[in-house]
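Analysis of the macromolecular model
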Amino acid sequence: MSNALSKAKGFKKSKSGTYLSIATTAFGAISVAKQAKKARLENDTLRLIDAAVSAAAIVTGLAILYRELKRLGDDDVLLG
């Protein structure tokens, strides 16, 4: 059991794990965009604020993951 846990932790800190985290975080942006659109249509200020805060959290999360990729020394052309 301990071996499986250490493998999972290793994957989380790997380039592949970081790319997977970026993809799932970006996927969350879709639901936030839908939430914001619905809030605008319904003139729901509180939900619109919630969507804005969620969007800020997604942007921050993506920036942290990007920094992690740079730290891992990724040679990907997209990262420069």
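Residues numbered from 1 in each chain as written. Predicted model: local features only at pLDDT ≥ 70, side-chain atom pairs only at ≥ 80, totals over all residues. Heavy atoms only, no water.

Each helix and strand counted, the chain has three helices and zero strands in total. In the chain, the succession of helices and strands from N to C terminus is α-α-α. Within the span of the chain, comprising 80 residues, buried residues form 14% of the whole. Across the chain, every contact between residues at least 6 apart in sequence was considered, and the portion connecting residues at least 24 apart equals 58%. (Helix = DSSP H or I, 4+ residues; strand = E, 2+ residues; numbered from the N terminus. Buried < 20%, exposed > 50% of the residue type's maximum accessible area, 1.4 Å probe, protein only. Contact = heavy atoms within 4.5 Å.)

Now for the pattern of salt bridges. This model, assessed by the stated rule, comprises two salt bridges. Asp44 is paired through a salt bridge with Arg47; the nearest N and O atoms lie 3.4 Å apart. Judged by its relative accessible area of 45%, Arg47 is partly exposed. The salt bridge involving Arg71 is made with Glu68; its shortest N-O contact spans 2.6 Å. Placement of the pair is Arg71 and Glu68 together in helix 3 (residues 45-71), with a separation of three residues, close to one helical turn. Judged by relative accessible area, which is 55%, Arg71 ranks as exposed. A residue is classified by how much of its surface remains accessible, and Glu68, at 22% relative accessible area, is partly exposed. (Salt bridge = Lys/Arg side-chain N within 4 Å of Asp/Glu carboxyl O.)

Turning next to the packing of helix 2 (residues 15-41) against helix 3. One can describe the packing of helix 2 onto helix 3 by two numbers: an axis separation of 9 Å at closest approach and a directional angle of 165 degrees. In terms of their interaxial angle, helix 2 and helix 3 are classed as roughly antiparallel. In the crossing of helix 2 with helix 3, the sense of the turn from one axis to the other is left-handed. In the contact of helix 2 with helix 3, the residues fall into 14 nonpolar, six polar and six charged. (Axes fitted to C-alpha atoms, helices over the stretch in contact; angles between N-to-C directions. Parallel < 35°, antiparallel > 145°, perpendicular 65-115°, else oblique. Left-handed = near helix turned anticlockwise from the far one by under 90°. Nonpolar A, V, L, I, M, F, W, Y, C, P; charged D, E, K, R; others polar.)

Given 3.6 residues per helical turn, the α-helix brings residues three or four places apart onto the same face. With 27 residues, helix 3 extends 39 Å between its outermost C-alpha atoms, agreeing within 8% with the 39 Å of an ideal straight helix rising 1.5 Å per residue. Residues of helix 3 that are buried make contact with helix 2. Positive backbone phi, approximately 75 degrees, marks Gly73, located one or two places after helix 3. (Expected span 1.5 Å × (residues − 1).)

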